[in-house]
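Letter by letter, the chains look like this.
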There are 2 protein chains.
Amino acid sequence: MTPPEELPDALPDVDPDDLRREGLVVPPASPTADPVPHDGTGRVELAFTVLDRSPGAAPGQESSTERRVRVPPGVTVFDSASWNGIAIDSTCGGHGTCHKCKVQVSGSSPITRHDARTFSASELESGWRLACLVQATRDLEVLVPPLTTRPKAATVGVGRQVILRPAVQKRYVELEEPTLEDQATDLDRLLAAITDLEPRPDLHALRRLPKVLREGDFKVTAVIVDEELVDVEPGDTTATRCAIAFDLGTTTVVATLLDLVTGTPVAVASMLNRQQPFGGDVISRISATMMDPDALGRLQTAACETLAELAAQVCAEAGVDPHAVYEVAIAGNATMTALVLGIDPEPLGVAPFVMTTALPPSVLAEDLHLGVHPRARAVFFPALGAYVGGDIVAGMLASGMDRDKRTRLFIDVGTNCEIVLSDGDRIVSTAAPAGPAFEGGAIRCGMRAADGAIETIRLGDTVELGVIGDVEPRGLCGSGLVDAVAELVKVGLLDASGRFVPEADAKEIAPALHDRLTMIGQERVFVLHRPTPGADPAECVVLSQRDVRELQFAKAAISTGWTLLLEELGLEHGDIAQVLLAGSFGSYLSAASAVRIGLVPKLPVLRIVAAGNVAGEGAKMALLSVRERAGAQALLEEVTYVELSDRPEFNDRFVEQLSFNGG
Amino acid sequence: MTPPEELPDALPDVDPDDLRREGLVVPPASPTADPVPHDGTGRVELAFTVLDRSPGAAPGQESSTERRVRVPPGVTVFDSASWNGIAIDSTCGGHGTCHKCKVQVSGSSPITRHDARTFSASELESGWRLACLVQATRDLEVLVPPLTTRPKAATVGVGRQVILRPAVQKRYVELEEPTLEDQATDLDRLLAAITDLEPRPDLHALRRLPKVLREGDFKVTAVIVDEELVDVEPGDTTATRCAIAFDLGTTTVVATLLDLVTGTPVAVASMLNRQQPFGGDVISRISATMMDPDALGRLQTAACETLAELAAQVCAEAGVDPHAVYEVAIAGNATMTALVLGIDPEPLGVAPFVMTTALPPSVLAEDLHLGVHPRARAVFFPALGAYVGGDIVAGMLASGMDRDKRTRLFIDVGTNCEIVLSDGDRIVSTAAPAGPAFEGGAIRCGMRAADGAIETIRLGDTVELGVIGDVEPRGLCGSGLVDAVAELVKVGLLDASGRFVPEADAKEIAPALHDRLTMIGQERVFVLHRPTPGADPAECVVLSQRDVRELQFAKAAISTGWTLLLEELGLEHGDIAQVLLAGSFGSYLSAASAVRIGLVPKLPVLRIVAAGNVAGEGAKMALLSVRERAGAQALLEEVTYVELSDRPEFNDRFVEQLSFNGG
């Protein structure tokens, strides 16, 4: 996704009126009188008064709602509103072209040429402006007039209200046929009829234009994506507008087909990433490209095939013509994003862990062979660092990390664990190498969360096991591992240092369970499940002393991460209003157990929330609203990435965090 | 070529400083005080005082030159200067990014954010501005300080001095290697080192970036085309920068390989357009697409193959790697442009003669299979109408039709004849269907200008023939046809109405020639060349009565065109300071004969100039200077296209023009 900021800066803004106005009013000596520029940090507060008129009510008879929101300085009033679910009239989506987003702003705000064309001198004087052109560089009071048209909105992500304004737009027009007196070109004729958008033509659209216009008796639908006219279709096709949101995970890939007219998902499909044969985690896939010059190409193909197959599936399931998919959004970590784009990931895998770019440009879905509309674009999310990628930025968008005044901690647990902390003003993030323990790796009886995996454990007089698929237990998945350790700590069979207590103490502490504490070879293990009475421990599902150590290291890596982030912002555990556990693992994990082993800060379990697949939700939001997409861009500026590996205090903290002091 | 204007308008210009400054200084009531906007017609005059400091001279010891130039209102001071060969320091080419084009301007001019960053308050007060951001909306006096670096310039077109500023730029940089303390992305690292340009990355460049940076020990050359970073090359390759200018004619295609570093052509090649099998003129090629659905594709392929073969030829001839060709410019008429882009030309061929677009977007040369750099762009010229295409706009650029104060008439003679008239303020243009006579078509002994074609004729006591290739005359080409008729009118064997005089009178009028006046069947002919003494007229090269009629109709169509244009601007023949005859035909035509038959206005022959292949020259200029390219864009606004076919007075004028009253 190319940040809109790039374009205006790349070119001088030389509208004559605009310049004359500037020229007219800039007394050359005045720069001294110029207010001190905002330093760009922190937040500014906007107090919205939203007027609402019940249908049929006369002007004046309005009800009004007050809303206070806080945004980074420089965000437009229009964005500040949309990001917080406050609807303002607009059809151009905040590009200054439709002149509909009228608001009244306190104090003296800038007047752009668009304002001057839209409002009378007295209206300008009383603070009326176009919301998409007023930047909130100070606290503002904003009056929002009643909507002339009710905008559609959808609830996405962690309870986010998204006002629909997709990059994909359609306009149905009925044109006059050309004559010798009116030889306007086909393109000019079409664009003149589209009053609220000013798209650039794309060659594909130009190739279709003459035939489609004439075959459609000059009644056609223009398909516009962002600033580009990508197609013309005969007749009125405005009812059909789709897009696909991809969560491109290292392990699993999820596709959601969105109806952009209603904002609703119409089909979902998921499958394993076809890159699996190259290894389970990003490091092994990066290594593959370092050992075999062809691997990069094959990894790219594998990723593209995965996306294409899912695209075909969701379209078939919903009975949608793939050519009606005009845009796709792809949320993936930095390595997945590099691989799907065919960018060499090697620098991501070796110190100093450098990305090629934080902001991948959008590409034609055709170049990725996705089989959707030939001119559909694939857009990506910016990445904060080599190990805090676009999937996390999408997740932050979906969970509103940048919109919420509360202090919140975002944790995506996995082989690489991403952590984000916001105090409502500042946002910091880091990555912690947790290792494979949570995915069952390096654990004696570890396995993925599949049929036969023990996912929950309760220890009392008996052992209560929750098993996926209600079948004979075969092993232990991540959430089960955390439960097992947490429960053993609770009943006291594991001490705070993570050692199994001596045989003698065990009998006393937990008479009903101590016989499960036994040995395999030289290693002490706790038997969670015996296939047959008196079965040899080696044939049982057990938790070994080494397993406990593995988990200790994994959780210590993570808790060291958020501990250092809390220190960075000068916060205590108790200051945290909410902990968001992202990803599927977060959904299965027992909050109580997570607290007990110290994987998350010591907090009431109600403050710990499973956020679900927030990356996929963020991808949806970017497709449903160009304003949300701009919000994702903004995160790149707002969030500070903290590299932990070179912190001197890292090791001390890590050692402190090894113990189970959460109990 | 997408007009720069499109971008800023499509997006709100929301630079905080910029807006604060506007906001600070716009008294809301002031719009009334706003000066009346210039109506955009006519010209404004800029008086340049250009300071020059001889090497080693101390500041203050400057010589100065005065230059007055007139440009359309709204053109920037920077463009006004470059278009007139006045050099102003700049490395970004007028995009407001390098902040080097400092000038002092009379009166109070607008202050943009770039000015405010570049100059002190007192400098701003005394009128210092960045020339690329000041629009000439009124007459101005401009002081140009001595150049800090001498810009290269090249002489192109009809004596045009072009200051080199190609869209293709290279920057060699030596970068610090990343560390854990400095994890800046490869892209940010590269862009930070390029101080005067702000390119957008292209996926191809991103794919190469990590490897090239590391293989080149972080010493690399960035290749930037327009606003786009298209490649990175290891080491310093700044000495190699090429582009190809194509004149895509209906009959002949010419390619010129340009060294953009020196601005010099290094190789030229030409060949017949491979579309020939589909017919000799645009109408027959358009008809082909109407009769056969596959013809459009095959015509596009034929055009692309022609361009690709020429590209390979010029690169081989100059020993240049085709991948060092980073941009190509294609000047062709509206039909050729549509066909090479694969756009259906049918609407160009049938009333009301409508183009798909006046301004074809630039495309990847790769999509045209030109075999140059994979990310090279192919740029096109805007067209004024279905029959005044990009080739004519390129020709107007090369001949400076919009920069010259003199009243000038531009005529490109051919099957379709394009005519442009400028009085120094207004520019009008039209097209006249002259038919094939000038190419030897529909002429009894007509042939193309090839070996054996009679190209010049003088009649006195004998007949003097100029024959191409000094071989036995085989026929009559266009210029020979014009000479023949003109000479016969001069000696009196043809009367003003275009009839051969009666046998009796002929004897008296031209005793030495009258025996050449004879009959073939019922038709009177004049024998120009007898292969053998007493050979049968049917075996001779003759001019027939019908040939004379054909020429009359052709020249009447053309002279009716410029007659109506003169009336449009209220001008007489005598007001015309110069007639430019474009194209190869113009080079061979005898000015005296053209005047005598009334093909061009009655003027001293010295005012009639052969301009040569101006389309190709215009294509070169667009590649050598982005400012000249902007000039071509501007022509789209400046030139008024006059459709003649629906003029009531057309027929009367046409009949008047049939007679040979030029004598």
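Remember, predicted model here, so these are calculated numbers, not experimental data.

Analysis parameters
- Residues numbered from 1 in each chain as written.
- Chains lettered and ligands numbered in written order.
- Predicted model: local features only at pLDDT ≥ 70, side-chain atom pairs only at ≥ 80, totals over all residues.
- Heavy atoms only, no water.
- Phe/Tyr/Trp six-rings, centres within 6.5 Å; stacked < 30°, edge-to-face > 60°.
- Helix = DSSP H or I, 4+ residues; strand = E, 2+ residues; numbered from the N terminus.
- Buried < 20%, exposed > 50% of the residue type's maximum accessible area, 1.4 Å probe, protein only.
- Salt bridge = Lys/Arg side-chain N within 4 Å of Asp/Glu carboxyl O.
- Contact = heavy atoms within 4.5 Å.
- pLDDT = per-residue confidence, 0-100.
- Pairing = 2+ DSSP bridges.
- Axes fitted to C-alpha atoms, helices over the stretch in contact; angles between N-to-C directions.
- Core = buried A, V, L, I, M, F, W, Y, C linked by side-chain atoms within 4.5 Å.
- Parallel < 35°, antiparallel > 145°, perpendicular 65-115°, else oblique.
- Nonpolar A, V, L, I, M, F, W, Y, C, P; charged D, E, K, R; others polar.
- Patch = residues over 30% accessible without salt bridge, like charges linked within 9 Å, V, L, I, M, F, W, Y side chains within 5 Å.
- Areas by Shrake-Rupley, 256 points an atom, 1.4 Å probe, with all protein chains shown as cover.

(A) Up close: the packing of aromatic side chains. Residue and element names in this part refer to chain A. Going through the model one piece at a time under the given rule, you end up with eight aromatic pairs over all chains. Plain terms: the ring middles of Phe-650 and Phe-654 are 6.1 Å apart, the flat faces sit at 20 degrees to each other, and that makes the pair stacked. Here the residue Phe-650 and the residue Phe-654 both occupy positions in helix α20 (residues 650–658), the gap between them amounting to four residues, near one helical turn. A relative accessible area of 17% places Phe-650 in the buried class.

(B) Highlighting the pattern of salt bridges. Under the criterion given, the structure shown has 65 salt bridges over all chains. A salt bridge links Arg377(A) to Glu228(A); its shortest N-O distance comes to 3.8 Å. Residue Arg377(A) is located in strand β17 (residues 377–380), and its partner Glu228(A) is located in strand β11 (residues 228–234); the two are separated by 149 residues in the primary sequence. Linking Arg274(B) and Glu305(B) is a salt bridge whose minimum nitrogen-to-oxygen distance equals 3.2 Å. With Arg274(B) in the loop between β14 (264–272) and α8 (282–291) and Glu305(B) in helix α9 (residues 295–318), this residue pair connects regions lying 31 residues apart in the sequence. Given a relative accessible area of 38%, Glu305(B) falls into the partly exposed group. One connected set of salt bridges, linked through shared partners, spans Arg458(B), Asp483(B), Glu487(B), Lys490(B) and Arg596(B).

(C) Structural context of the environment of Ala87(B). Residue and element names in this part refer to chain B. With respect to the helices and strands, the residue Ala-87 is situated in the loop between α3 (77–83) and β3 (102–105). Judged by its relative accessible area of 15%, Ala-87 is buried. Distance from Ala-87 to Pro-146, taken between C-alpha atoms, is 9.5 Å for residues 59 residues apart in sequence. Each residue touching Ala-87, except ones within four places of it in the same chain, is listed here: Val-144, Leu-147, Pro-151 and Ile-163.

(D) Quick peek at the confidence of the model for chain A. With 93% of its residues at a pLDDT of 70 or more, chain A shows a mean pLDDT of 88. Considering only residues more than four positions removed or in separate chains, one finds that residues 1–40 of chain A, a stretch of pLDDT under 50, has 105 contacts.

(E) Focus on the sheet that holds strand β26 (residues 541–544) of chain B. Residue and element names in this part refer to chain B. Taken together, three strands build an open sheet; the order of strands is β24-β25-β26 and the sheet is antiparallel. Strands with a single pairing partner mark the edges of an open sheet, and in this sheet they are β24 (517–520) and β26. On average, each strand axis in the sheet is inclined to that of its neighbour by 50 degrees, with strand direction left out of account. Pairing of strand β25 (residues 523–529) with β26, which is carried by four bridges, proceeds in the antiparallel orientation. Residue Val-525 lies in a different strand from β26, and its bridge partner there is Ser-544. Helix-sheet contacts for helix α15 (residues 545–568) involve β25 and β26, and the interaxial angle to β26 is about 60 degrees.

(F) Looking closely at the nonpolar core. Counting residues in hydrophobic clusters, the biggest one holds 115 residues, and the most contacted among them are Leu190(A), Ile244(B), Phe246(B), Leu257(B), Ile330(B), Phe381(B) and Met396(B). For this core, the leading source of residues is α9(B), giving 10 residues. Beyond its immediate sequence surroundings of up to four residues, Leu257(B) is in contact with Cys242(B), Ala243(B), Ile244(B), Thr264(B), Pro265(B), Val266(B), Ala267(B), Val314(B), Cys315(B), Ala318(B), Val320(B) and Val325(B). Leu339(A), Leu348(A), Val388(A) and Cys98(B) belong to the second largest nonpolar core, which has 112 residues in total.

(G) Geometry of unusual backbone geometry. Residue and element names in this part refer to chain A. Here the residue pair Ala-351 and Pro-352 is connected by a cis peptide bond, since its omega of 0 degrees sits within 30 degrees of zero. Note that Pro-352 resides in the loop between α11 (346–349) and β16 (363–364). Unlike most non-glycine residues, His-99 shows phi in positive territory, near 60 degrees. Tracing the chain through its elements places His-99 in the loop between α3 (77–83) and β3 (102–105).

(H) Broad picture of the packing of helix α12 (residues 390–398) of chain A against helix α18 (residues 614–624) of chain A. Residue and element names in this part refer to chain A. Between α12 and α18, whose axes approach to 7 Å, the crossing angle comes to 75 degrees. In terms of orientation, α12 and α18 fall into the roughly perpendicular class. From α12, Asp-391, Ala-394, Gly-395, Leu-397 and Ala-398 reach across to α18, where they touch Val-614, Ala-615, Glu-617, Gly-618, Ala-619 and Met-621. For the contact of α12 with α18, a count of residues per class yields seven nonpolar, two polar and two charged.

(I) Just a nonpolar patch on the surface, in detail. Together, Met290(A), Met291(A) and Val350(A) make up a nonpolar patch on the protein surface, roughly 300 Å² of accessible area in all. Relative to the helices and strands, Met290(A) is located in helix α8 (residues 282–291).

(J) Here's a closer look at the pairing of strand β25 (residues 523–529) of chain A. Burial analysis of β25(A) places six of its seven residues in the buried class, the great majority of the element. With antiparallel pairing between neighbouring strands as the criterion, strand β24 (residues 517–520) of chain A and β25(A) make up a hairpin whose turn holds two residues, including Gly521(A) at a positive phi of roughly 60 degrees.

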